[in-house]
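Here is what each chain is made of, one letter per residue.
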Amino acid sequence: MDPVRSDVALLYRRAGFGATPAQLDAAASAGYEATVETLIAGLQGPDPGGDSVHVPAFSHATKPAGPPGSVARKAQQKSLAGQYRELQSWWAQRMVATSTPLREKLTLFWHGHFATGFSKVRDVAAMYDQNQLLRSAGGGSFEALVQAVAKGEAMMRWLDTATDKKNHPNENFARELMELFTLGLGNYAQADVVSAARGFTGWVTDPRDGSWHIQPAQHDDGYKTYLGHTGNYGGEDIIHLAVNDPASARFVLSKLWSHFAYPVAPSDQVVSDLLAAYGPGSDVTAALKALFLHPAFRSTTARQGLVKQPIAYLVGAARSLGLSATLERTQAAPATSHPLAQGLPAMSTRLAQTLFDPPNVGGWGQNAYWIDTATSLARLDIAAQMGAAADLSALHASAASARSEAVAIMLGLDGWGPTTTAALNHAAGDPISLVATALTAPEYVLE
Amino acid sequence: MSAPPTGPTGQPEPPPVGDDGLLRGRLTRRRVLAGAGVVAGAGILGATLDQRGWLSSTANGTRGHSSSGGIAVLVTLYGGNDGLNTVVPASDPAYRAARPDLGYQPGEVLPLADGLGLNPKMPLMKKRWDDRQLAVIRGVGYPSPSLSHFQSMDIWQTAQPDGTGSGWLGRWLDATGSDPMRAISLGASLPPAMRGERQAATAITSGTITLPGRSPLVAGFAACAQPGSDRSALEASVAGSAAELLQVRSSLASLTGQAAPASTSGRLAAAGTATFGDQLAVVADLINAGAPTQVYQVSLSSFDTHANEKSAHEGLLANLDGALDSFLTAVARGPRAAEVVVFTVSEFGRRVAQNASGGTDHGTASSLLVAGHGVRGGRLYGDQPSLTSLDANGNLRWTVDFRSVYATILASTLGVEPASVLGASFPVLGFL
């Protein structure tokens with residue numbers, strides 16, 4: 001294995017959803033740094049593949065259409081559930097089709113960071129708006145991103161900001177802003193939570209279009225002591241002071257490193273190495289570029305350091321096998337001889353990751369979180385379905401002895417260890433089984 | 001695979017179970033291999049099982065369960081259950097003053113004792129209380145309580161003051177062998193409480209495990225599940241979970257045979273979407289089928305009721321009430337009802353005073369429910385925290401350390417020295 005090819009393959013797995021053999025050939029000849037530039041450049045501008053995916057019409061939540069159990073109410077709930085599935089399917093298709101994979105991968109990272117769940121938000125347009133915000137602003141200033149996410153209808157509903165009133169503040173958003181979004185546990189006190197909640201009092205959104213404004217009568221305009229500062233702060237000041245607190249940069253950068261390279265604590269040296277790039281402007285794009293160019297990103301620790309999160313696993317497999325998010329062959333003529341009811345979103349749910357519905361505001365865990373007997377079975381079932389849906393004529397044409405190597409190339413991997421190679425040889429006579437076994441192999445489950 | 005033996009009524013007989021709670025006689029190597037549906041890969045799978053010591057240890061009975069072969073069912077209520085609106089001090093004026101909208105009137109709650117009443121949406125648990133099958137532990141918390149969901153969850157799951165390290169049930173798994181059937185969690189992701197340093201519980205989403213029909217694939221998958229010195233740590237854990245899946249698959253197939261509980265496995269076909277009641281129904285089926293499992297975990301989410309709490313919380317408690325009652329009824333049909341104890345945990349209770357959103361913010365101590373046919377029920381355990389002498393954040397002061405609840409389960413149900421798992425001694429409570 002050419003070391004440059006191995007490096008760009010790793011980069012494409014982490015900064016995207018893997019790459020085809022042709023993409024890897026081109027990237028290897030362009031070089032590692034040039035490939036980083038290409039992926040980073042994709043954080044802005046058009047995304048021909050992703051933009052070609054049809055966007056269904058999503059509506060904002062409406063008042064109950066009738067009493068519980070009524071025909072009108074049931075129809076409303078059915079429509080809501082249908083739109084929610086369309087939203088999940090839209091994003092999955094977008095990830096499969098994207099020409100700017102880092103932008104989609106970063107959107108997925110932010111979805112896990114600002115983990116907002118449809119099960120409580122119950123407003124499909126609000127979830128879509130947040131997702132588009134994460135996509136359009138995710139590579140910019142972190143502070144600008146937090147300010148915009150905080151004012152979005154989805155977050156306002158998710159953490160009850162709109163019910164935070166002057167006479168008795170609601171601490172939900174205030175606490176998670178510091179604990180999960182900007183600072184991390186240990187970098188604030190309960191008194192800061194109380195002050196921050198006062199700052200967000202009076203924040204509301206217009207139910208018609210989700211636009212944000214302040215109800216002055218509900219805002220607590222008094223002085224607040226917060227993170228060592230005192231002033232009559234409003235919510236925007238509360239966010240500004242949190243993002244500019246000395247603890248914030250390390251917290252945010254350690255999360256980026258943990259999800260793109262391998263899990264680290266905020267005190268880790270690699271986090272220090274990203275501080276200059278992130279800078280006072282909380283520049284996410286510059287931090288990511290420094291991350292991908294850091295020598296430790298290509299270390300053995302990094303190569304062995306992450307398990308793919310389920311949707312990335314599924315999208316990567318679909319892209320490598322030339323399948324759409326509904327498992328139809330993207331190249332071949334109407335080869336829908338495998339009309340599978342289960343699309344990628346449903347498969348992802350079986351693997352413990354439901355798009356637009358993280359388990360809680362802390363988002364999904366990492367690595368061991370994805371590994372247990374239930375997900376092992378789900379992966380096996382899904383691999384069998386994907387193998388059966390794919391066009392494997394090229395594998396059929398090759399000699400059985402050459403097939404395990406060919407599958408590694410197809411899936412964008414450097415190769416297989418001896419244990420997996422032996423296992424693949426058991427299945428090599430049946431290309432569907434071979435590909436499916438490969439999709440369950442530890443080397444492929446890792447990112 | 002032959003049909004399982006049937007009893008006089010034509011119903012399949014539960015497999016024979018030894019004194020140590022282990023299955024006897026039926027888990028031959030041949031049966032395990034046949035049960036796994038492996039044809040071409042039989043030798044490979046057998047080697048895997050042998051290497052992991054499962055068959056041999058079962059045959060020798062060296063990894064026996066203790067003489068207290070009880071069964072603990074952990075019910076995790078995610079989000080922080082409002083203990084004060086579950087076991088309600090409705091007759092305390094301080095309660096009604098703190099919750100003018102959210103609180104219940106004395107006449108609304110289902111009376112228990114000491115002026116406390118169960119939430120009106122829990123009539124079935126009230127009946128179980130009257131039948132002495134439900135106990136309530138009051139004021140459960142821990143020192144220096146955290147108001148963070150995640151840190152508090154970590155503390156409860158690890159039973160360590162700083163919330164770091166392995167899960168408390170994971171440590172029990174580490175100390176008791178390697179059979180993945182010992183502890184089973186319903187749902188696609190395993191809670192940290194059930195992950196040890198070396199062992200982890202099994203996660204299932206239904207009572208039966210069906211592998212894909214392609215035999216070369218199953219053979220390849222089984223071979224991939226083998227340990228290999230070429231694997232990195234994460235790769236080895238991926239392979240290890242696959243090996244455990246195959247073991248559990250065999251165990252479940254041998255256990256239930258043709259008696260596979262179609263009622264629940266059918267409902268759970270769309271895995272990952274099992275309802276809370278479905279989860280408990282699978283647990284009851286496994287218990288009644290004689291599974292050697294000593295710990296089960298099920299979960300119910302959405303208890304983080306910061307806003308519009310009353311109707312949402314009532315819906316959750318009604319769900320809990322119905323599912324727990326059905327579970328207790330189901331296990332009463334089997335031979336092990338007296339050994340089964342179900343208990344709820346949640347990362348914290350909620351603030352005494354309601355907020356302006358018709359909800360409550362994060363709190364501290366809370367009431368836990370313990371139910372079972374062998375529970376010393378109809379009684380309150382622990383002291384009721386004061387509603388007027390609150391901590392600096394307006395939260396309850398705990399009276400019972402949650403590790404005392406764990407210690408009681410460990411000692412009475414799992415039959416181990418609690419300090420060996422908890423790292424320190426805690427008073428054992430009298431509910432078992």
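Not measured: the values here are computed from a predicted model.

## Structural notes on the overall build of chain B
Secondary structure assignment for chain B yields 14 helices and 12 strands. Looking at chain B as a whole, 59% of its 432 residues qualify as buried.

## Re the overall build of chain A
The secondary structure content of chain A amounts to 25 helices and 4 strands. At 23 Å, chain A has a C-alpha radius of gyration in line with the 22 Å of a compact globule built from 447 residues. Across its three principal axes, chain A shows a C-alpha extent of roughly 75 × 60 × 40 Å. Looking at chain A as a whole, 55% of its 447 residues qualify as buried. Considering only intrachain contacts with a sequence separation of at least 6, the fraction spanning at least 24 residues in chain A is 70%.

## A few points about the interface of chain B and chain A
Contacts between the two partners involve 53 residues from chain B and, on the opposite side, 54 residues from chain A. With 10 residues, the single largest contributor to the side of chain B that touches chain A is helix α9 (residues 233–256) of chain B. Residue composition of the side of chain B that touches chain A, grouped by class: 27 nonpolar, 19 polar and 7 charged.

## Looking at the packing of helix α15 (residues 269–278) of chain A against helix α16 (residues 284–293) of chain A
All names here are of chain A. It is at 8 Å that the axes of α15 and α16 come closest, and there the two elements cross at 140°. Overall, the two elements α15 and α16 adopt an arrangement that is oblique. Read as a crossing pair, α15 and α16 show a hand that is right-handed. Between α15 and α16, the residues in contact are L274, A277 and Y278 and A286, A287, K289, A290 and L291, respectively. Here the residues of the contact of α15 with α16 sort into 7 nonpolar, no polar and 1 charged.

## Considering the pairing of strand β6 (residues 183–186) of chain B
Residues and elements named next belong to chain B. Burial along β6 is two-sided: the face carrying A183 and S185 and the face carrying I184 and L186 are both buried. Taken together, the 3 bridges between β6 and strand β8 (residues 295–300) define a ladder with parallel strand orientation. Bridging from a neighbouring strand, S185 pairs with Q297 of β8.

## Overview of the environment of M181(B)
Examined against the element boundaries, M181(B) turns out to sit in the loop between α7 (168–175) and β6. For the pair M181(B) and Y296(B), spaced 115 residues apart in sequence, the C-alpha to C-alpha distance is 9.9 Å.

## Observations regarding the domain arrangement of chain A
The domain boundaries assigned to chain A delineate domain 1 (246–303) and domain 2 (310–445). Each of domain 1 of chain A and domain 2 of chain A was reduced to a C-alpha centroid, and the two centroids are 30 Å apart.

## A closer look at the nonpolar core
Counting residues in each nonpolar core, the largest one holds 258 residues, and the members touching the most others are L291(A), M386(A), V73(B), I137(B), V283(B) and F343(B). At 11 residues, α9(B) tops the list of elements feeding residues into this core. With sequence-adjacent residues up to four places away left out, F343(B) is seen in contact with L74(B), V75(B), L368(B), L369(B), V370(B), V405(B) and I409(B).

## Topic: the sheet that holds strand β4 (residues 117–118) of chain B
Residues and elements named next belong to chain B. With antiparallel pairing, the 3 strands of this open sheet are ordered in space as β2-β4-β3. Pairing within the sheet leaves two strands with one partner each, and these edge strands are β2 (87–88) and β3 (110–111). Direction of pairing for β3 relative to β4: antiparallel, over a ladder of 2 bridges. From the neighbouring strand, L110 faces β4, where its bridge partner is L118.

## Looking at the environment of Y381(B)
Residue and element names in this part refer to chain B. With respect to the helices, strands and loops of the structure, Y381 is situated in strand β11 (residues 380–381). Given 22 C-beta atoms within a 10 Å radius, Y381 is considered buried. Separated by 245 residues in the primary sequence, Y381 and V136 place their C-alpha atoms 6.1 Å from one another. Discounting residues that sit within four places of it in the chain, Y381 has contacts with A135, V136, I137, R138, L429, G430 and F431.

## Description of unusual backbone geometry
Not every positive phi belongs to a glycine, and N367(A) is a case in point at roughly 50°. On the secondary structure map, N367(A) appears in the loop between α19 (344–350) and α20 (373–389). Given 19 C-beta atoms within 10 Å, N367(A) falls into the partly exposed group. One non-glycine residue with positive phi stands out, namely R132(B), at about 65°. Tracing the backbone shows R132(B) in the loop between α5 (123–130) and β5 (134–141).

## Considering the pairing of strand β9 (residues 340–345) of chain B
Residues and elements named next belong to chain B. With 6 of its 6 residues buried, β9 lies for the most part within the structure. Taken together, the 6 bridges between strand β1 (residues 71–77) and β9 define a ladder with parallel strand orientation. Bridging from a neighbouring strand, T76 pairs with V345 of β9. In the sheet, β9 pairs with strand β10 (residues 366–371) via 2 bridges, with the strands oriented antiparallel. Across the sheet, residue V342 finds its bridge partner in β10, namely A371.

## Points about the packing of helix α14 (residues 246–260) of chain A against α16(A)
Residue and element names in this part refer to chain A. Closest axis-to-axis distance for the α14/α16 pair is 11 Å, and the angle between their directions is 45°. Between α14 and α16, the crossing angle belongs to the class labelled oblique. Along this stretch, α14 crosses α16, giving a crossing that reads as right-handed. Together, L253, L256, W257 and F260 of α14 and A287, L288 and L291 of α16 make up the contact between the two elements. Grouping the amino acids of the contact of α14 with α16 by side-chain chemistry returns 7 nonpolar, no polar and no charged.

## Things to note about the confidence of the model for chain A
The predicted coordinates of low-pLDDT regions are not to be read in fine detail. When pLDDT is averaged across chain A, the result is 93; 97% of the residues are at 70 or more. The low-confidence segment residues 333–341 of chain A (pLDDT under 50) makes 9 contacts with residues lying over four places distant or belonging to another chain.

## Side note on helix α24 (residues 431–440) of chain A
With 10 of 10 residues buried, α24(A) is to be regarded as a mostly interior element. Listed as buried for α24(A) are P431(A), I432(A), S433(A), L434(A), V435(A), A436(A), T437(A), A438(A), L439(A) and T440(A).

Procedures and definitions
- Residues numbered from 1 in each chain as written.
- Chains lettered and ligands numbered in written order.
- Predicted model: local features only at pLDDT ≥ 70, side-chain atom pairs only at ≥ 80, totals over all residues.
- Helix = DSSP H or I, 4+ residues; strand = E, 2+ residues; numbered from the N terminus.
- Buried ≥ 20, exposed ≤ 12 C-beta atoms within 10 Å, placed from the backbone.
- Rg over C-alpha atoms; globule rule 2.2 N^0.38 Å.
- Contact = placed C-beta atoms within 7 Å.
- Nonpolar A, V, L, I, M, F, W, Y, C, P; charged D, E, K, R; others polar.
- Axes fitted to C-alpha atoms, helices over the stretch in contact; angles between N-to-C directions.
- Parallel < 35°, antiparallel > 145°, perpendicular 65-115°, else oblique.
- Left-handed = near helix turned anticlockwise from the far one by under 90°.
- Pairing = 2+ DSSP bridges.
- Domains from an automatic or database assignment.
- Core = buried A, V, L, I, M, F, W, Y, C linked by C-beta atoms within 7 Å.
- pLDDT = per-residue confidence, 0-100.

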